[in-house]
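Spelled out from the first residue to the last, the chains are:
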Amino acid sequence: MTGYVNLTGIKAEVTRLLKQVAGNRINISMFGDQWLVRSRTGKQQIMTSLETLADAVVEKSPLYWQRLHTVSHISVVQDESSLIRRSSSDKIFHQIQNSSMHDLVPRLGAAEFTVALLVHLSNQRIS
């Protein structure tokens, strides 16, 4: 995933969206090819992959789905029979996730990618 955002040029925008979704629970800064995450207590961690960063957002700040919708303008729906969430970009996200860097895959914009990534990580925590 880190390679995908770098190659498609959406790293800064994805980082900005993750910062907005995290709110004031954690502070995220780009630090070269990595990210620096600071908690309100002052604990700092360097994240080397986008998945690790997004997982920290899911873990350390409750995901406010309404805030995610506000910053991305993309709806996330929850299945009535389970806690699983879905977004319109899930199918393409899974294609990206399961492809190699040399495969031709559909391209997601920063907002669609960020929403699909957070939905994916949130659903992993449920199952």
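Structural notes, computed from the coordinates. (Residues numbered from 1 in each chain as written. Predicted model: local features only at pLDDT ≥ 70, side-chain atom pairs only at ≥ 80, totals over all residues. Heavy atoms only, no water.)

1. As for helix α6 (residues 110-126)
Phase 1 of the analysis: An ideal rise of 1.5 Å per residue puts 24 Å on 17 residues; α6 measures up with 25 Å between its terminal C-alpha atoms.
Phase 2 of the analysis: Judged by how many residues are buried, α6 sits mostly within the fold: 13 of 17 residues are covered. (Helix = DSSP H or I, 4+ residues; strand = E, 2+ residues; numbered from the N terminus. Expected span 1.5 Å × (residues − 1). Buried < 20%, exposed > 50% of the residue type's maximum accessible area, 1.4 Å probe, protein only.)

2. Examining the environment of Phe 93
Phase 1 of the analysis: One can find Phe 93 in helix α5 (residues 90-97).
Phase 2 of the analysis: A sequence separation of 24 residues divides Phe 93 from Leu 117, and the C-alpha atoms of the two residues are 7.4 Å apart.
Phase 3 of the analysis: Every residue in contact with Phe 93, bar those within four places of it in the chain, is listed here: Met 1, Leu 108, Phe 113, Ala 116, Leu 117 and His 120. (Contact = heavy atoms within 4.5 Å.)

3. What to know about unusual backbone geometry
Phase 1 of the analysis: One non-glycine residue, His 73, adopts positive backbone phi at about 65 degrees.
Phase 2 of the analysis: You can see His 73 is positioned in the loop between α4 (65-72) and β4 (77-78).

4. With respect to the packing of aromatic side chains
The geometry of an aromatic ring pair is captured by two quantities: the separation of the ring centres and the angle between the planes.
Phase 1 of the analysis: Considering all chains together, one arrives at two aromatic pairs under this definition.
Phase 2 of the analysis: On the numbers, 5.4 Å between centres and 20 degrees between planes, the contact of Tyr 4 with Phe 113 is stacked. Here Phe 113 lies in helix α6 and Tyr 4 lies in helix α1 (residues 2-8), a separation of 109 residues in the sequence.
Phase 3 of the analysis: Judged by its relative accessible area of 9%, Tyr 4 falls in the buried class.
Phase 4 of the analysis: Residues Phe 93 and Phe 113 carry aromatic rings whose centres are separated by 5.7 Å and whose planes lie at 55 degrees to one another, so their mutual orientation is tilted. With Phe 93 in helix α5 and Phe 113 in helix α6, this pair connects stretches of sequence that are 20 residues apart. (Phe/Tyr/Trp six-rings, centres within 6.5 Å; stacked < 30°, edge-to-face > 60°.)

5. Things to note about α5
Phase 1 of the analysis: Listed as buried for α5 are Asp 90, Phe 93 and Ile 96. Buried residues of α5, seen end-on, are gathered within an arc of 120 degrees and therefore sit on one face of the element.
Phase 2 of the analysis: Looking at the buried positions of α5, the neighbouring elements they touch are α1, β5 (85-86) and α6. (Arc of directions from axis to C-beta.)

6. Description of the sheet that holds strand β2 (residues 34-39)
The pairing of strands in a sheet happens through backbone hydrogen bonds and is either parallel or antiparallel.
Phase 1 of the analysis: What the three strands build is an open sheet, ordered β1-β2-β3; its pairing is antiparallel. Edge positions in the sheet fall to β1 (26-31) and β3 (44-47), since each has one partner strand and no second. Pairwise comparison of adjacent strand axes, ignoring direction, gives a mean angle of 20 degrees for this sheet.
Phase 2 of the analysis: By the bridge criterion, six bridges tie β1 to β2 in an arrangement that is antiparallel. Along β2, the bridge assignment pairs Ser 29 with Leu 36.
Phase 3 of the analysis: Together, β1 and β2 form the strand contacts of helix α2 (residues 11-22), whose direction differs from that of β1 by roughly 170 degrees.
Phase 4 of the analysis: Contacting β1, β2 and β3, helix α3 (residues 50-60) crosses the sheet at an angle of about 170 degrees to β1. (Pairing = 2+ DSSP bridges. Axes fitted to C-alpha atoms, helices over the stretch in contact; angles between N-to-C directions.)

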